[in-house]
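# Structural overview
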Amino acid sequence: MAGDMLMIERLPGWRKRLRVGDLVAFTTPYDPGRRAVKRLLAEAGDTVCVDPRSKHPSFVLVPKGHVWLQGDNFNNSTDSRVYGPIPLGLLHGRVTWCVWPSPRRIQNGAEILPGHFTDS
């Protein structure tokens, strides 16, 4: 999506309509002058596996007032795996449309995989 022109929802109450799988625009925690777009992977209270490919995976509990954002390109994305949980105050809005170069509606990309995870 680098270079794409996006339409971002910022209507009152947009944060309450956020769902896992939505694309969101946010200010990066390490560079306040830079904005990015990532997929919302987890909300406050959810537990996230930082790198499921690791032989010794680590888990993070997303704290209240934060979300976990991850890029769709797992191997080449600076996201919550680097930043940690992102404060809700850094979010600018939910991406709803790509306006240019190829106009299209942005759909929620959530795929729910049932499972039980343990620390063992």
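Residues numbered from 1 in each chain as written. Predicted model: local features only at pLDDT ≥ 70, side-chain atom pairs only at ≥ 80, totals over all residues. Heavy atoms only, no water.

### A word on the overall build of the protein
In terms of regular secondary structure, the protein is built from one helix and nine strands. Along the protein, helices and strands appear, N-terminal first, in the series β-β-β-β-β-β-α-β-β-β. Across the 120 residues of the protein, 32% fall into the buried class. Put simply, of all contacts in the protein between residues at least 6 apart along the chain, 51% involve residues at least 24 apart. (Helix = DSSP H or I, 4+ residues; strand = E, 2+ residues; numbered from the N terminus. Buried < 20%, exposed > 50% of the residue type's maximum accessible area, 1.4 Å probe, protein only. Contact = heavy atoms within 4.5 Å.)

### A closer look at the packing of aromatic side chains
Considering all chains together, one arrives at one aromatic pair under this definition. Ring geometry for Tyr30 versus Tyr83: centroids 5.2 Å apart, planes at 85 degrees, classification edge-to-face. Pair noted here: Tyr30 is in the loop between strand E2 (23-27) and strand E3 (35-43) and Tyr83 is in helix H1 (residues 80-83), with a separation of 53 residues, a long-range link. In this structure, Arg81 is placed above the aromatic ring of Phe74, and the distance from its NZ or CZ to the ring centre is 4.1 Å. (Phe/Tyr/Trp six-rings, centres within 6.5 Å; stacked < 30°, edge-to-face > 60°. Lys NZ or Arg CZ within 6 Å of the ring centre and 35° of its normal.)

### A closer look at the pairing of strand E6 (residues 66-70)
With four of its five residues buried, E6 lies for the most part within the structure. Sheet topology note: the E6/strand E7 (residues 86-87) ladder contains two bridges and is antiparallel. When the sheet's bridge partners are listed, Val67 is paired in E7 with Ile86. (Pairing = 2+ DSSP bridges.)

### A short note on the pairing of E3
Two elements, E2 and E3, share five bridges in a ladder whose sense is antiparallel. Bridge pairing links Ala25 to Val37 in E3. Two strands pair when backbone bridges link them, and E3 and E6 are joined in this way by four bridges, in the antiparallel orientation. Counterpart to Ala42 in the pairing with E6 is Trp68.

### Focus: the side chain of Ser80
Along the chain, Ser80 falls in helix H1. Among the polar contacts listed, one links the side chain of Ser80 to the backbone nitrogen of Leu69, at a separation of 2.9 Å. Once you skip the residues sitting within four places of it in the chain, Ser80 turns out to touch Val67, Trp68, Leu69, Pro85 and Ile86. (Polar contact = N/O pair within 3.5 Å; in protein donor to acceptor, adjacent residues only side chain to side chain.)

### Here's the deal with a nonpolar patch on the surface
On the surface, Met5, Met7, Trp97, Val99 and Trp100 cluster together to form a nonpolar patch covering roughly 520 Å² of accessible area. Along the chain, Met7 turns up in strand E1 (residues 5-9). Residue Met7 is classed as partly exposed on the basis of its relative accessible area, which comes to 42%. (Patch = residues over 30% accessible without salt bridge, like charges linked within 9 Å, V, L, I, M, F, W, Y side chains within 5 Å. Areas by Shrake-Rupley, 256 points an atom, 1.4 Å probe, with all protein chains shown as cover. Salt bridge = Lys/Arg side-chain N within 4 Å of Asp/Glu carboxyl O.)

### Brief notes about the pattern of salt bridges
According to the stated counting rule, one finds five salt bridges in the structure shown. With its nearest N and O atoms 3.2 Å apart, the salt bridge here joins Arg53 to Asp51. Of the residues examined, Asp51 reaches a relative accessible area of 26% and is grouped as partly exposed. One connected set of salt bridges, linked through shared partners, spans Glu9, Arg17 and Arg94.

### Here's the deal with the environment of Leu41
Mapped onto the elements of the fold, Leu41 is located in strand E3. On the accessibility criterion, Leu41 (40% relative accessible area) is partly exposed. Separated by 19 residues in sequence, Leu41 and Asp22 place their C-alpha atoms 8.2 Å apart. With near-sequence residues (within four places) excluded, Leu41 lies in contact with Val20, Trp68 and Gln70.

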